[in-house]
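Listed below are the residues making up each chain.
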Amino acid sequence: MDLNIEKLRIICSIENIEITLHAAKRLEQRGISIADILSCILNGEIIEEYPTDYPYPSCLILGFSTSQQRLHVVVGTNMEIIWIITAYFPDMKKWEKDFKTRKENV
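Because the structure is predicted, anything quoted here is derived from the model rather than measured. (Residues numbered from 1 in each chain as written. Predicted model: local features only at pLDDT ≥ 70, side-chain atom pairs only at ≥ 80, totals over all residues. Heavy atoms only, no water.)

Taking strand neighbours across the sheet as the criterion, the 5 strands line up as β1-β5-β4-β3-β2 in an open arrangement whose pairing is mixed. The outermost strands of the open sheet, each flanked by one partner alone, are β1 (17-19) and β2 (45-50). Neighbour to neighbour, the strand axes of the sheet diverge by 35 degrees on average, direction disregarded. Here 3 bridges tie β1 to strand β5 (residues 82-88), and the two strands are oriented parallel to one another. For I19, the partnering residue across the bridge sits in β5 and is I84. Running over the sheet, helix α2 (residues 21-30) touches β1 and β5 and is turned about 35 degrees from β5. (Pairing = 2+ DSSP bridges. Helix = DSSP H or I, 4+ residues; strand = E, 2+ residues; numbered from the N terminus. Axes fitted to C-alpha atoms, helices over the stretch in contact; angles between N-to-C directions. Contact = heavy atoms within 4.5 Å.)

What follows is the structure, given as structure tokens:
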């Protein structure tokens, strides 16, 4: 299955989002809301793909939170449901200025 952001946007609604317990804890700790997640998927771009992830392919999306902060969201999908694996505000120590490229040796 080929992931692309347009396909994810089509199924991106609150009814089709599942959040793992791990992700829910992390989102709460990091102050990231469901609205932030939806904003990131609906306005962002896929910057890394993990096609062999189990049980479904996943990807890293770079977008913006509702307060216009850069946000990374990792999602897995079967193209019916989007599972939120994790989300975080990218750290400048780990990412280049474009927030798309990982810094080496970090």
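Turning our eyes to something else, we now look at the packing of aromatic side chains. Remark: the centre distance and the inter-plane angle together describe each pair of aromatic rings, the angle taken between the planes. Tallied over the entire structure, the rule returns 1 aromatic pair. Between the aromatic rings of Y56 and W83, the centroid separation amounts to 5.0 Å while the plane-to-plane angle is 5 degrees, which identifies the pairing as stacked. One end of the pair, Y56, is in the loop between β2 and β3 (58-64); the other, W83, is in strand β5, with 27 residues separating them in the sequence. For Y56, a relative accessible area of 32% corresponds to the partly exposed category. (Phe/Tyr/Trp six-rings, centres within 6.5 Å; stacked < 30°, edge-to-face > 60°. Buried < 20%, exposed > 50% of the residue type's maximum accessible area, 1.4 Å probe, protein only.)

Of all hydrophobic cores here, the largest spans 21 residues; its most connected members are I41, V75, I82 and I84. If you list the elements that add at least two residues to this core, you get α1 (5-11), α2, α3 (34-43), β3, β4 (70-77) and β5. If we skip the residues at most four places from it in the chain, I82 touches L8, I11, C12, N16, I17, E18, I41, V75, G76 and T77. L62, Y88, W95 and F99 belong to the second-largest nonpolar core, a separate cluster that totals 7 residues. (Core = buried A, V, L, I, M, F, W, Y, C linked by side-chain atoms within 4.5 Å.)

Residues D36, I37, L38, S39, C40 and I41 constitute the buried set of α3. Residues of α3 that are buried in the fold lie against α1, β1, α2, β3, β4 and β5. Backbone nitrogen of A35 and a side-chain oxygen of the N-cap are separated by 3.3 Å at the start of α3; the cap is S33. (Polar contact = N/O pair within 3.5 Å; in protein donor to acceptor, adjacent residues only side chain to side chain.)

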